[in-house]
Amino acid sequence: MDSRISDLRCKEIISVSDGSRYGYVGDVEVDLERGTVKALVVPGRLRLFGLLGREPDQVFPWSSVRRFGEDIILVEDGAPQAQLTQG
């Protein structure tokens, strides 16, 4: 199965251990020098319809990814790292 980075935006990240749904991939961190994917980023949820900003982004290191499916990406358990939203 071939896939592009733009195809990842349509995939939902789900925990293998308990089935927690984290959301859809919003961004990908890439190491340009090595040409590898470092992490998948799920944008934080809006607080009060966006009036109070949004929660921090959730970052899933590439090492935690276990399997890709047609619609989902399974990640190993453990809470994702929080990343502050910029701007």
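Residues numbered from 1 in each chain as written. Predicted model: local features only at pLDDT ≥ 70, side-chain atom pairs only at ≥ 80, totals over all residues. Heavy atoms only, no water.

(A) Broad picture of the overall build of the protein chain. Counting secondary structure elements, the protein chain contains one helix and eight strands. Ordering the α and β elements of the protein chain from the N terminus gives α-β-β-β-β-β-β-β-β. Out of the 87 residues belonging to the protein chain, those deemed buried represent 29%. Taking as baseline every contact in the protein chain between residues at least 6 positions apart, the subset at least 24 positions apart corresponds to 37%. Entry remark: accessible area of the protein chain is about 6,400 Å², with carbon and sulfur atoms responsible for 49%. (Helix = DSSP H or I, 4+ residues; strand = E, 2+ residues; numbered from the N terminus. Buried < 20%, exposed > 50% of the residue type's maximum accessible area, 1.4 Å probe, protein only. Contact = heavy atoms within 4.5 Å. Areas by Shrake-Rupley, 256 points an atom, 1.4 Å probe, with all protein chains shown as cover.)

(B) View of the pairing of strand β2 (residues 21-24). For strand β1 (residues 12-15) and β2, the ladder comprises three bridges, and the chain directions are antiparallel. Residue pairing in the sheet places Ile13 in a bridge with Gly23 of β2. Hairpin connection, β1 to β2: the antiparallel pair is bridged by five residues, and Gly19 has positive phi, about 80 degrees. (Pairing = 2+ DSSP bridges.)

(C) Summary view of the pairing of strand β4 (residues 36-42). Bridge count for strand β3 (residues 27-31) against β4 is five bridges, and the pairing is antiparallel. Across the sheet, Val28 pairs through a bridge with Leu40, a residue of β4. Between the antiparallel neighbours β3 and β4 lie four residues, among them Gly35 with a positive phi of about 75 degrees. Here four bridges tie β4 to strand β5 (residues 57-61), and the two strands are oriented antiparallel to one another. In the strand pairing of β5, Ala39 is matched with Pro61.

(D) Up close: the side chain of Ser64. Looking at where Ser64 falls in the secondary structure, it is placed in the loop between β5 and β6 (65-68). On the basis of relative accessible area, Ser64 is assigned to the buried category, the value being 13%. Those residues within four positions of Ser64 in sequence are excluded, and the remaining contacts are Leu74, Val75 and Glu76.

(E) Spatial organisation of the environment of Ala39. In this structure, Ala39 sits in strand β4. Considered as a pair, Ala39 and Asp27 are twelve residues apart in the sequence and their alpha carbons are 8.7 Å apart. When near neighbours in sequence (up to four residues on either side) are disregarded, Ala39 contacts Asp27, Val28, Glu29, Val59, Phe60, Pro61 and Trp62.

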